[in-house]
Every structure is written in structure tokens, then in C-alpha cells.
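# Summary of the model geometry
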Amino acid sequence: MSSVSTSQPARAGAGIRLLSAALVLGICGQFFLAGLSIFSDAALWSLHGAIGGGLSLPVIGLLALSLASPSARRYRRSTVLLFSLYCLQVLLVILGRELGLAFISALHPVNGLFMMGAAVGLVNEAFGGQGDRRA
């Protein structure tokens, strides 16, 4: 029984670390693809969109882990923030396109910066933030 109670927190923590690192790499890739689309090949915008949709997987996975696992509960605030920023990211593209308002679409990369900050913060918390616990 003790192996179950110690392995569950370890698995949740490993999942948070893996998914948060994957998210940071994915967001970096998104910035790279956006730049490549602007400066090299505009056809890459469709790949940017597809990968952006794929980033929902680590975002939803992080949220699910933080809600389902008591040992990952401390990441809940960060994962809810990331989920909210991701939803806003998608909404900015849709609203900007549907309303024809470029300034709304222009907030998409700004929100991407906020997403990157939140994801890096979660990585820091998951990998190294344990050393600064106070009683």
C-alpha cells in the first residue's frame, strides 16, 4: 500500500514536469513558426494554427492533473491560469477574424507572451521551486 501512495504523487509530479516542459517548447515553436511565416513562407501559418490547436493537449492535461491529483493540487492556480490564457488565445484569433478588428488579433502574440511567462513559471515551480518551501 505504501508503494501506491508514494508512486501516485511521483507520477503526478512527473506528469506536470513533462507536460509543462512540452508546453514551453511548443510555445517557443509557435513563436518561431510565426516569425518564419512572416519572414520566409506565409504558407506556414496553417502549420502555426495546427500546432496551436495541438497545444490544447498539454494545457488540458495539466489542468486535469492539477484537478484530479491531490499531490498536484499546488499547481492548480498555475494550470487554471494557463488554461484561461489558452482559451483567450483562441478567442482573440476568432474574434479578430469574425469582427474584422485587427487590434483584437494583434493581442494574440501579446497573450502568447503571457502564456510563455505562465508556462515558464510552472516549469520553474515543478522542477525547482521545491527548495524555497517555508513552514
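For the structure itself, consult the block above.
To keep things clear, this report deals only with the structure shown in the data block. (Residues numbered from 1 in each chain as written. Predicted model: local features only at pLDDT ≥ 70, side-chain atom pairs only at ≥ 80, totals over all residues. Heavy atoms only, no water.)

Helix and strand counts for the protein stand at six helices and zero strands. The order of α-helices and β-strands along the protein, N terminus first, is α-α-α-α-α-α. When each of the 135 residues of the protein is scored for burial, the buried share is 33%. Put simply, of all contacts in the protein between residues at least 6 apart along the chain, 64% involve residues at least 24 apart. When the accessible area of the protein is evaluated, it comes to approximately 8200 Å², of which 70% is carbon and sulfur surface. (Helix = DSSP H or I, 4+ residues; strand = E, 2+ residues; numbered from the N terminus. Buried < 20%, exposed > 50% of the residue type's maximum accessible area, 1.4 Å probe, protein only. Contact = heavy atoms within 4.5 Å. Areas by Shrake-Rupley, 256 points an atom, 1.4 Å probe, with all protein chains shown as cover.)

Let us look at a nonpolar patch on the surface. On the surface, Leu88, Leu91, Leu95, Leu99, Leu101 and Phe103 cluster together to form a nonpolar patch covering roughly 530 Å² of accessible area. The biggest single contributor to the nonpolar patch is helix H4 (residues 76-99), with four residues. Inspection of the secondary structure puts Leu91 in helix H4. (Patch = residues over 30% accessible without salt bridge, like charges linked within 9 Å, V, L, I, M, F, W, Y side chains within 5 Å. Salt bridge = Lys/Arg side-chain N within 4 Å of Asp/Glu carboxyl O.)

The next subject is the packing of helix H3 (residues 56-68) against H4. Relative placement of two packed helices is described by the angle separating their axes and the distance separating the axes. At their nearest, the axes of H3 and H4 sit 9 Å apart, and the two run at 150° to each other. On the basis of the axis angle, H3 is roughly antiparallel to H4. Crossing geometry of H3 relative to H4 is assigned as left-handed. Facing Ser56, Val59, Ile60, Leu62, Leu63, Ser66 and Leu67 of H3, the residues of H4 in contact are Arg76, Thr79, Val80, Leu82, Phe83 and Tyr86. Here the residues of the contact of H3 with H4 sort into nine nonpolar, three polar and one charged. (Axes fitted to C-alpha atoms, helices over the stretch in contact; angles between N-to-C directions. Parallel < 35°, antiparallel > 145°, perpendicular 65-115°, else oblique. Left-handed = near helix turned anticlockwise from the far one by under 90°. Nonpolar A, V, L, I, M, F, W, Y, C, P; charged D, E, K, R; others polar.)

That's the geometry; what it means functionally is another story.
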